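# Survey of secondary and tertiary structure
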Amino acid sequence: MPDPESSAVDSHPTRAFDHIATLLRSAGCVFAEEEARLLLSDASGPAELALNVQRRVEGVPLEYVLGWAEFAGRRIVVEPGVFVPRRRTELLVNHAVALLSGSSLAVAQVVVDLCCGSGAVGAAILYALPGVELHAADIDATAARCAMRNIGPLGGRVHRGDLFEALPSSLHGRVRLLAVNAPYVPTGAIRTMPPEARLYEPVASLDGGEDGLDFHRRVAAGSIEWLAPGGHLLIETSERQAAGTSAILAAAGFRTQTVRSEDLDATVVAGRALPGTSRG
């Protein structure tokens, strides 16, 4: 329970803001003022505000405290225990939307958000392109439920299971674009991550194996049979790991391109299946 002496919030707006910002700054929050504004505007009353401030001071990620994260200009529902969408992943969305918008196909395009977590990527694509047929998949039950809250109202569908095992067989050979933000943190590097991620987000949503590329290998190996002719595979990775991710896709039969945004500090490897690649 919050300590009433340390977390009580003054009813005067300016004094309340200053008090909250000071508490957050003392707790190590880099964007204390911005977070204070969000906490003040989001709380239904003084009691909830005091509780939320105390939780944030204790280190609970702001997105879990608020129940949402801002992503691609929208609020995405985020439940505790679900990977929090990062701003850098907007590059994955932007590139996906650009590729889909450039297509001349008249029929609805099938898009899959694999390892979807909260469903932020799929939801952002649907907001930009409401006509796509969007499927999202995650192995975690909490993530799948959270994704449904974000994608369901937009007409998307969510499936639970391990990578491609989650998808309905009717999607074989029909996927125009496969967007993947799978775990890619090397196992040994997890201990160096900020406490907000390391202590609160599920390890399974972070751990990509010894070199961080285990899921990229699995996705590359299994994706060809799901993609439509000329379909695209987009995988978020790090700048340091981009060469490894690209090599994995190339070995699986993709023509690759690395897309980088310095502004977002984001890297995506885009693959397109080479002609004649076996579809299983």
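Please refer to the structure higher up on the page.
Let us look at the structure shown here.

Rules of the game
- Residues numbered from 1 in each chain as written.
- Predicted model: local features only at pLDDT ≥ 70, side-chain atom pairs only at ≥ 80, totals over all residues.
- Heavy atoms only, no water.
- Helix = DSSP H or I, 4+ residues; strand = E, 2+ residues; numbered from the N terminus.
- Polar contact = N/O pair within 3.5 Å; in protein donor to acceptor, adjacent residues only side chain to side chain.
- Expected span 1.5 Å × (residues − 1).
- Buried < 20%, exposed > 50% of the residue type's maximum accessible area, 1.4 Å probe, protein only.
- Salt bridge = Lys/Arg side-chain N within 4 Å of Asp/Glu carboxyl O.
- Axes fitted to C-alpha atoms, helices over the stretch in contact; angles between N-to-C directions.
- Parallel < 35°, antiparallel > 145°, perpendicular 65-115°, else oblique.
- Left-handed = near helix turned anticlockwise from the far one by under 90°.
- Contact = heavy atoms within 4.5 Å.
- Phe/Tyr/Trp six-rings, centres within 6.5 Å; stacked < 30°, edge-to-face > 60°.
- Lys NZ or Arg CZ within 6 Å of the ring centre and 35° of its normal.
- Right-handed = clockwise from strand over helix to strand, strands pointing away.
- Pairing = 2+ DSSP bridges.
- Lys, Arg positive; Asp, Glu negative; His and termini not counted.
- Core = buried A, V, L, I, M, F, W, Y, C linked by side-chain atoms within 4.5 Å.

### Quick notes on the environment of glutamine 241
- Relative to the helices and strands, glutamine 241 is located in the loop between β7 (227-237) and α11 (242-251).
- On a C-alpha basis, the gap between glutamine 241 and glycine 212 in space is 8.1 Å, while along the polypeptide they are 29 residues apart.
- In this structure the side chain of glutamine 241 is engaged in a polar contact, spanning 2.9 Å, whose partner is the backbone oxygen of tyrosine 184.
- For glutamine 241, the side chain forms a polar contact with the side chain of serine 238, separated by 2.6 Å.

### Digging into helix α6 (residues 90-101)
- The first and last C-alpha atoms of α6 sit 16 Å apart over 12 residues, in line with the 16 Å expected at 1.5 Å per residue.
- If you check which residues of α6 are buried, you get Glu90, Leu91, Leu92, Val93, His95, Ala96, Val97 and Leu100.

### So, the pattern of salt bridges
- Evaluated as defined, the whole model comprises 17 salt bridges.
- Measuring nitrogen to oxygen at the nearest pair gives 2.7 Å for the salt bridge that ties glutamate 79 to arginine 145. Here arginine 145 lies in helix α8 (residues 141-151) and glutamate 79 lies in the loop between β2 (74-77) and α6, a separation of 66 residues in the sequence.
- On the accessibility criterion, arginine 145 (47% relative accessible area) is partly exposed.
- Among the salt bridges present, the one from aspartate 162 reaches arginine 218, with a minimum N-O distance of 2.8 Å. Of the two residues, aspartate 162 sits in the loop between β5 (157-160) and β6 (175-180) while arginine 218 sits in helix α10 (residues 214-223), which places them 56 residues apart along the sequence.
- Judged by its relative accessible area of 38%, arginine 218 is partly exposed.
- The network of salt bridges with shared partners includes Glu239, Arg260, Glu262 and Asp265.

### Quick word on the packing of α6 against helix α7 (residues 120-128)
- Direction vectors running N to C along α6 and α7 enclose 40 degrees, while the axes themselves pass 10 Å from each other. Overall, the two elements α6 and α7 adopt an arrangement that is oblique. α6 and α7 meet at a crossing whose hand is right-handed. Listed contacts from α7 to Leu92, Val93, Ala96, Val97 and Leu100 of α6 are Val121, Ala124, Ile125 and Ala128.

### Considerations on the packing of aromatic side chains
- Evaluated as defined, the whole model comprises one aromatic pair.
- On the numbers, 6.0 Å between centres and 15 degrees between planes, the contact of phenylalanine 164 with tryptophan 226 is stacked. With phenylalanine 164 in the loop between β5 and β6 and tryptophan 226 in the loop between α10 and β7, this residue pair connects regions lying 62 residues apart in the sequence. The residues phenylalanine 164 and tryptophan 226 share a single accessibility class, namely buried.
- The side chain of arginine 74 reaches across the aromatic face of tyrosine 127, ending 4.0 Å from its centre.

### Comments concerning the pairing of strand β3 (residues 110-114)
- Among the five residues in β3, five count as buried, and that is most of the element.
- The alternating pattern of β3 places Val110, Val112 and Leu114 on one face and Val111 and Asp113 on the opposite face, and all of these are buried.
- What joins β3 to strand β4 (residues 133-138) is α7, and the crossover it makes is right-handed.
- Bridge count between β3 and β6: five bridges; the pairing is parallel.

### Some words on helix α4 (residues 46-57)
- A rise of 1.5 Å per residue sets the reference length of α4, with its 12 residues, at 16 Å; its end C-alpha atoms lie 16 Å apart and thus fit the reference within 8%.
- Among all positions in α4, only Leu49, Ala50, Asn52, Val53, Gln54 and Arg56 are buried.
- One or two positions beyond α4, positive phi appears at glycine 59, with a value near 110 degrees.

### Some details on the side chain of aspartate 138
- Relative to the elements of secondary structure, aspartate 138 occurs in strand β4.
- Buried within the structure, aspartate 138 lacks any salt-bridge partner; its nearest side chain of opposite charge belongs to arginine 160, at an N-O separation of 7.4 Å.
- Excluding residues that lie within four positions of it along the chain, aspartate 138 makes contacts with Cys115, Cys116, Gly117, Ala143, His159, Arg160 and Gly161.

### Focus: the nonpolar core
- In this structure, Ile125 and Val132 are the most contacted members of the largest nonpolar core, which totals 32 residues.
- Elements supplying a minimum of two residues to this core: α6, α7, β4, α8, β6 and β9 (266-273).
- Contacts of valine 132, omitting those with residues within four sequence positions, involve Leu100, Gln109, Val111, Ile125 and Leu126.
- One finds Ala137, Val219, Ile235 and Leu249 within the second-largest nonpolar core, a separate group that totals 28 residues.

### A short note on the side chain of aspartate 113
- Along the chain, the position of aspartate 113 falls in strand β3.
- A distance of 2.9 Å separates the side chain of aspartate 113 from the backbone nitrogen of glycine 122, its partner in a polar contact.
- Residues contacting aspartate 113, with those up to four places away along its chain left out, are Gly119, Val121, Gly122, His135, Ala136, Ala137 and Ala179.

These figures come from the coordinates and say nothing about function on their own.
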